[in-house]
Amino acid sequence: MAITVKGPIVEMDGDEMTRIIWKMIKEKLLLPHLAIDLKYYDLGVKHRDETDDQVTIDAANAVLKHGVGVKCATITPNAARVKEYNLKQAWKSPNGTIRSILDGTVFRKPIIAKNIPPAVRSWKKPISIGRHAYGDIYKSVEFKVPGPGKAELVFTPASGERVALAVHEFKGPGVIMGMHNTEKSIRSFAGACINYALGEKCDLWFGAKDTISKTYHAFFKEVFDQEAEAKKADFDRHGIRYRYMLIDDAVAQIMKAEGGMLWACMNYDGDVMSDMVASGFGSLGLMTSVLVSPAGKYVYEAAHGTVMRHYYEHLKGNPTSTNSVASIFAWTGAIARRGELDGTPEVVSFARRLEEVVIGLIESGVMTKDLASIAEPKPDKYALTEEFLGEVAKRI
C-alpha cells in the first residue's frame, strides 16, 4: 500500500542525462511506494525557449505557493548551446532566476560513504557550504563596449541628487558589468548561516575580499560581523565560533582543516567552492543541495550538471554509468521536508530509508564508474546507470 504524501511538491524537470535519470528515479523508486501530488514544470531548455522562460518564473512562484520544490539539473545555455538547440537566445540560469524570486541561501553538504575516501587527506568530517543565493554576477547587467568612451556607475535616488562614479575611460573596445546586492538579502543570508551553524553545532566561517573591495565586500563582512556578534552568547553556549577570513586565506585553510564547519560564501565563491568540496569528498554526484528562503520555502536539487557526454552516448544506444545519488537525495530531501511540514512521520521515514539504502549499496561495493575509480577497496566491476537504480529498487 502506497504511503500518502499530504502536501504537493513542485517538480522541475531538466535536461540531458539527468532528465533520463530523473524519470527512472520516479518510476523505479518513488511512484511504486508513494501517493504524491507533483506540480510538474518542464525546465528543459527547449521548453524554456518555447515559453520565453516564463515556465521558470511559474515554477518559482509555485514553490512560493506550495513550500517545497525539487529540481533536476538544467542547461544554462552559452553561445554553443544556443546553436546546438536552435534557441532564440542564451537564456539566463534557471537556478539564478529561481533564487532571485525566492531569495535565500543554498546549503550544500557532501554525502559520505565509508569506502569513498576524501581526496584531501586532512578532511575527516563533512564541510558544508552556505552559498548566498541572490545577486552579484548572477543578477548582473553586462555591456560589450564597441569603442572609445566613458563608462560610469550612476545611482539616481528616489529623492536627492544623482551620483555618478567614473568606472573607466575606454580607448578601444572592452566589456563592463554592473552588479548589486541588498542589505535585506545579505542580512538574511547571514542569519540563515548562523541558524544553520547553531543547529548543527559547528563553527561558521565567512570569507570575502574586503581588502580590495572596500565597499561591496566590506559591506558583506560588516553585516556578518553584526549578526554574529548579536548571537555571540549562543555561539559560546554551543562551544562554537564565528571566523572571518579573506577568501584566499579561507581556501588555503580549508585544505588543511579536518572539516566539520559551515563555510559561508558569496554567490560566485559558493558556486565554485561547493564543486571543489564535492570533488574533494569524492564526486559532484555525492553532494546534497537545498535553497532555503527567508519565508521558509525549500528547493532541493542535484548539485551538478546535466552530464552531456553520457547523454550523447545514451542517444547512440551505448550503455552509461552515470551517478544518480545526488538526484536521488534531491528527491529524498524534498519528500522528507514535505513530511516534516505535513506532520507525516511515515513520509519522512521513507525518505530516510531510501537514503540509507543508497549509502548501504555503495558501501557494499555496488556503485557507478566515477565512484568505483576512487573507492577503497576497488570493486571488481562498476554498475551501469539502470543497474544501480535497479539494485536500489530491490532493497527499498
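For the structure itself, consult the block above.
We now turn to the structure provided with this report.

The rules behind each value
Residues numbered from 1 in each chain as written. Predicted model: local features only at pLDDT ≥ 70, side-chain atom pairs only at ≥ 80, totals over all residues. Heavy atoms only, no water. Helix = DSSP H or I, 4+ residues; strand = E, 2+ residues; numbered from the N terminus. Rg over C-alpha atoms; globule rule 2.2 N^0.38 Å. Buried < 20%, exposed > 50% of the residue type's maximum accessible area, 1.4 Å probe, protein only. Contact = heavy atoms within 4.5 Å. Phe/Tyr/Trp six-rings, centres within 6.5 Å; stacked < 30°, edge-to-face > 60°. Lys NZ or Arg CZ within 6 Å of the ring centre and 35° of its normal.

Another point: the overall build of the chain. The helix and strand tally for the chain stands at 15 helices and 16 strands. Taking 396 residues into account, the globule formula puts the C-alpha radius of gyration at 21 Å, and the chain, at 22 Å, falls close to it. Referenced to the eigenvectors of the C-alpha coordinate spread, the extents of the chain come out at roughly 70 × 55 × 40 Å. Burial status across the chain gives 51% buried among its 396 residues. If you take every contact in the chain between residues at least 6 apart in sequence, the share linking residues at least 24 apart comes to 77%.

Quick look at the packing of aromatic side chains now. Pairs of aromatic rings are described using the distance from one ring centre to the other and the angle between the two planes. Going through the model one piece at a time under the given rule, you end up with 11 aromatic pairs. Ring plane angle 20° and centroid distance 6.4 Å describe the contact between Tyr-298 and Tyr-300, whose orientation is recorded as stacked. Comparing Tyr-298 with Tyr-300, the two get one shared label, buried. Each ring, one from Tyr-311 and one from Tyr-312, has its centre 5.6 Å from the other, and the planes form 65°; the classification is edge-to-face. Its relative accessible area of 30% is what places Tyr-312 among the partly exposed residues. Among the aromatic residues, those joined into a cluster by ring pairs are Phe-189, Phe-206, Phe-224, Tyr-242 and Tyr-244. Sitting above the plane of the Tyr-138 ring, Arg-131 keeps its charged end 4.9 Å from the centroid. In this structure, Arg-337 is placed above the aromatic ring of Tyr-298, and the distance from its NZ or CZ to the ring centre is 4.1 Å.

Just distances and angles here, no functional claims.
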